[in-house]
Amino acid sequence: MALLNKQVLLAQRPTRKIQSTDFKIVETPLPALADNEVLVKIAHISLDPAMRGWMNAGTTYIRGVEIGEVMRAFVAGTVAESKHPDFKEGDTVAGTMGAQAYAIVPGKYLTKVDATKVPLSWYVGILGMPGMTSYFGLLEKGLPKEGETLLVSGAAGMVGSLVGQIAKIKGLKVIGIAGGKEKCDSLITDYGFDAAIDYKNIDNIAKAIRAAAPNGIDIYFDNVGGEILDAALLNLANHARVVICGAISQYNETNYVGLKNYMKLISARGTLSGIIVLDYFDRAAECITQLSQWLASGKIKYKEHTEQGLDRFAEVLNMLFTGENKGKLVLNV
Ligand SMILES: NC(=O)c1ccc[n+]([C@@H]2O[C@H](COP(=O)([O-])OP(=O)(O)OC[C@H]3O[C@@H](n4cnc5c(N)ncnc54)[C@H](OP(=O)(O)O)[C@@H]3O)[C@@H](O)[C@H]2O)c1
């Protein structure tokens, strides 16, 4: 009898916040493998803020998921069956295989990963797409120099916590912005940041940034956009680099908040540049080698927030927008 697959399909496009009815969970029999295909039993699904954008119609840096299509997702799992010469049963693999229990994938789209020294789930987080975002976003766009000051928002999350820790390794002063006391405390005690700003319990973010960085910010790594980005712009030091990585405060909005303080870029002779991690995928090995060394030597710490069950896909995905996730959000199948 054919194995049953469970899949999360995009059922409708959200207007603002994601609803459970935006997805449909279906069970379908798995077809037989064709030549060069691999059957992967998926264990870990990366839940990423970008998924909210992928649910919209049209193409930005990547095309939107079609209605009725399996929701796009970075995942990791184990080969259950293979008709591709490079893969055998039991191999651990990662790739963009979608939110489902099993995936049938042409072998050329799969990457073998070594899950003997680190948990397999790390390949959808720190050793996967989000880890590369922090690494290349900071080093290639932020251009950090010893002695400089970095401000990062979304600081207690996957990308932000890693950006701050890499900046510390590079000899920068690091200030993080996060929501709530628990997250702000963890920036200092767990991740070694120099200062933390709790944006949920403060009236004037720009003033708090100025108090933490009286000489200004040399790098602002932006994960949230909106008012926090504007407050950071007011505090730029001369020749500052602003890295626009994400804008999670805007993803559920229909009227985006524009920048009020962009003219500060003129007086500060600053630059503002966007990053898309896909541009660095061909350099994955370099990033994985370096991050693995830092993890093994204890120079960086990594926290995962795991939840269970494909049926809870929408509910768990929304945790990214309420801030309930404490670390990299991973859905175990
Ligand atoms: N450009 C790229 O190639 C690329 C690749 C990967 C990720 N990204 C971006 O990087 C950012 C972080 O992603 P991640 O995977 O590391 O997620 P994450 O930071 O682990 O989780 C999202 C966090 O965003 C914060 N947040 C939610 N709504 C907010 C709001 N209205 N204002 C301020 N903060 C808010 C919450 O933290 P608090 O509790 O602190 O509010 C939440 O925990 C996202 O914007 C994502 O789109 C970009």
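From a predicted model like this one, the values you see are computed outputs, not experimental measurements.

A. Spatial organisation of the pairing of strand S9 (residues 173-178). The buried count for S9 comes to five of six residues, which makes it a mostly enclosed element. Judged from the five bridges that link them, strand S8 (residues 149-153) and S9 form a sheet pairing that is parallel. Residue pairing across strands places threonine 149 opposite lysine 173, the latter belonging to S9. The parallel pair S8 and S9, bridged by helix H3 (residues 158-169), forms a crossover whose chirality is right-handed. Once you follow S9 into helix H4 (residues 181-189) and on to strand S10 (residues 195-198), the crossover reads as right-handed.

B. Region of the structure containing the sheet that holds S8. Strand order in the open sheet made by the six strands is S10-S9-S8-S11-S12-S13, with parallel pairing throughout. Of all strands in the sheet, those with a lone pairing partner are S10 and strand S13 (271-274), marking the two edges. Strand-to-strand twist of the sheet, defined as the mean angle between neighbouring strand axes without regard to direction, takes the value 15°. In this structure, S9 lies alongside S10, joined through four bridges in parallel fashion. Bridge assignment links isoleucine 175 to a residue of S10, and that residue is alanine 195. Most of the contacts of helix H5 (residues 205-212) go to S9, to which it runs at about 160°, and overall it touches S8, S9, S10 and strand S11 (217-222). Where helix H6 (residues 226-233) meets the sheet, it contacts S8, S9, S11 and strand S12 (236-244), and its direction lies at approximately 155° from that of S12.

C. Examining the packing of H5 against H6 more closely. Closest axis-to-axis distance for the H5/H6 pair is 8 Å, and the angle between their directions is 45°. It follows that H5 is oblique to H6 by the angle criterion. Seen from above, H5 lies across H6 with right-handed handedness. Counting all contacts with H5, which are made through Ile205, Ala206 and Ile209, the residues of H6 involved are Ile228, Ala231 and Ala232. Per-class residue counts for the contact of H5 with H6 are six nonpolar, no polar and no charged.

About the cut-offs
Residues numbered from 1 in each chain as written. Predicted model: local features only at pLDDT ≥ 70, side-chain atom pairs only at ≥ 80, totals over all residues. Heavy atoms only, no water. Buried < 20%, exposed > 50% of the residue type's maximum accessible area, 1.4 Å probe, protein only. Helix = DSSP H or I, 4+ residues; strand = E, 2+ residues; numbered from the N terminus. Pairing = 2+ DSSP bridges. Right-handed = clockwise from strand over helix to strand, strands pointing away. Axes fitted to C-alpha atoms, helices over the stretch in contact; angles between N-to-C directions. Contact = heavy atoms within 4.5 Å. Parallel < 35°, antiparallel > 145°, perpendicular 65-115°, else oblique. Left-handed = near helix turned anticlockwise from the far one by under 90°. Nonpolar A, V, L, I, M, F, W, Y, C, P; charged D, E, K, R; others polar.

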